[in-house]
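Letter by letter, the chains look like this.
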Amino acid sequence: MSPPPPPLGRGRRRAAQVFDAALDDADLATARSALAQGRWQAVRTLLARTGDDWDRRGHRVTVLAEEPYCAAWARDWLLAEPDSADAATLLALALVRRCLRGKEKPARAREACAQAAARAPEDPTPWLGLLQLEREVGDDTVVVRTFEQVRARHAEHHHAHHLMVARLAERRADAGQDPLHEVYDFASWAAEEAPADSPIAVLPVVAHAERYRVLAAAGFEPADPAASGHWTGRRARQVMKAAFDWWLEWEHEGHPRRLVDLNFLAHAKVCEGRGAEAAALFHRIGDHPTPAPWSYPDRDPHPAFRAARDRALGTG
């Protein structure tokens, strides 16, 4: 059995407190703490209770996989329960995470994802892990094919759609502002295809932020998003209004990644100069900021979030 990881230093503890990938999922945070100590039984119970709530399952496995020693503990779990699809899926996503950190070969991570997918053919989570990998290292054809595998199992998969938007936004980085860019078409299509109460309705806002990230990195937009005209054009205003109106009418407190959407929407409203609307969103976000999009294009996300929130709430 592998030894537990060393305690977090003060700086890492502070960062973990500011940006917790578990968001407001207290059960996930508890299981993650147990896993960090090698007690994988808590994770087994958590994932068994999660069942086929695919967005929640994908969120939980992704967060658990970020634990530095997760792969070792998942292997221990597989030794104890060789037929466990949950253990195989956790190991697969842990190896994807190690690969993205430069500590594992892509072929090994891909093999683990394939093995996990074979054990649970209806589960999109192994394919989500593969999409996380291919979004960084795969070519466009592989990325699209992998996304289609996720969508075939859960058409509204929240995390998968975000990964696709981020990847599409990076196409033709040297083209500058283009209201007809494919990332906008994809996000609009996905939002229109989704049911009326689906959080995919916020995807056009995410697409707008991801394209800003790419344009700013290429020098086509200022490094301060609030100083950019990216959020003030006619099309942008329509997208922001539609998403905010949807949130007012349709917001569901139970979605595991709703806070990701709220952060993107609050960021957009700040950049648009709509302080009152941003304030309403910051109240809902509370103590659960997310690094993206506050880090865009290359900023320290904690002070960026704090400054935007203080301005909107009048507490600065």
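Structure shown above.
This structure is a prediction, so every number in the text was calculated from the model and none was measured.

Side note on the overall build of the protein
Alright, step 1. Of regular secondary structure, the protein possesses 17 helices and zero strands.
Alright, step 2. The C-alpha radius of gyration of the protein comes to 19 Å, within 12% of the 20 Å expected for a compact globule of 316 residues.
Alright, step 3. Seen through its principal axes, the protein has C-alpha atoms that stretch 55 × 45 × 35 Å.
Alright, step 4. Out of the 316 residues in the protein, the part that is buried amounts to 52%.
Alright, step 5. Residue pairs in contact within the protein that sit at least 24 positions apart in sequence constitute 66% of those at least 6 positions apart.
Alright, step 6. Accessible surface, the protein as shown: approximately 14200 Å² in total, 51% of it carbon and sulfur.

Describing the environment of H161
Alright, step 1. Considering the arrangement of structural elements, one finds H161 in helix α10 (residues 158-169).
Alright, step 2. Assessed through its relative accessible area of 2%, H161 is described here as buried.

Some remarks on the pattern of salt bridges
Alright, step 1. Scanning the entire structure with this criterion turns up 25 salt bridges.
Alright, step 2. With its nearest N and O atoms 2.8 Å apart, the salt bridge here joins R32 to D20. With R32 in helix α2 (residues 26-36) and D20 in the loop between α1 (10-18) and α2, the pair connects residues that are twelve residues apart, well separated along the chain.
Alright, step 3. Judged by relative accessible area, R32 falls into the buried class, the value being 16%.
Alright, step 4. Across the pair E182 and R172 runs a salt bridge whose closest N-O atoms are separated by 2.8 Å.

Points about the packing of helix α9 (residues 140-153) against α10
Alright, step 1. Interhelical geometry of α9 versus α10 gives an angle of 160° and a closest axis separation of 10 Å. Regarding the angle of α9 to α10, the classification is roughly antiparallel. In this structure, the crossing between α9 and α10 has a hand that is left-handed. Only A160, H161, M164 and R167 of α10 make contact with α9, whose side of the interface consists of D140, V143, V144, F147, V150 and R151.
Alright, step 2. Classifying every residue of the contact of α9 with α10 gives six nonpolar, one polar and three charged.

A look at unusual backbone geometry
Alright, step 1. Each neighbour pair has its own omega, and for A292 with P293 the value is 10°, a cis peptide bond.
Alright, step 2. Relative to the helices and strands, P293 resides in helix α16 (residues 291-294).
Alright, step 3. Looking along the chain, the bond that leaves Y296 and enters P297 is cis, with omega of -5°.
Alright, step 4. One non-glycine residue, L23, adopts positive backbone phi at about 60°.
Alright, step 5. Structurally, L23 is set in the loop between α1 and α2.

Remarks on the environment of V43
Alright, step 1. With respect to the secondary-structure elements, V43 resides in helix α3 (residues 41-50).
Alright, step 2. Sequence separation between V43 and P297 is 254 residues; the distance between their C-alpha atoms is 35 Å.
Alright, step 3. Not counting the four nearest positions on each side in its chain, V43 is found in contact with A31, L35, L64, W77 and L90.

Digging into the environment of R108
Alright, step 1. Take R108: it is sitting in helix α7 (residues 106-119).
Alright, step 2. Distance in space between the C-alpha atoms of R108 and S84 is 19 Å, their sequence separation being 24 residues.

A word on the packing of α3 against helix α4 (residues 54-65)
Alright, step 1. Between α3 and α4, the least distance of the axes is 9 Å, while the angle of their chain directions is 160°. Our classification of the angle between α3 and α4 gives roughly antiparallel. Along this stretch, α3 crosses α4, giving a crossing that reads as left-handed. Here V43, L46, L47 and T50 of α3 lie close against α4, whose contacting residues are R56, R57, R60, V61 and L64.
Alright, step 2. Considered class by class, the residues forming the contact of α3 with α4 number five nonpolar, one polar and three charged.

Scoring rules and cut-offs
Residues numbered from 1 in each chain as written. Predicted model: local features only at pLDDT ≥ 70, side-chain atom pairs only at ≥ 80, totals over all residues. Heavy atoms only, no water. Helix = DSSP H or I, 4+ residues; strand = E, 2+ residues; numbered from the N terminus. Rg over C-alpha atoms; globule rule 2.2 N^0.38 Å. Buried < 20%, exposed > 50% of the residue type's maximum accessible area, 1.4 Å probe, protein only. Contact = heavy atoms within 4.5 Å. Areas by Shrake-Rupley, 256 points an atom, 1.4 Å probe, with all protein chains shown as cover. Salt bridge = Lys/Arg side-chain N within 4 Å of Asp/Glu carboxyl O. Axes fitted to C-alpha atoms, helices over the stretch in contact; angles between N-to-C directions. Parallel < 35°, antiparallel > 145°, perpendicular 65-115°, else oblique. Left-handed = near helix turned anticlockwise from the far one by under 90°. Nonpolar A, V, L, I, M, F, W, Y, C, P; charged D, E, K, R; others polar.

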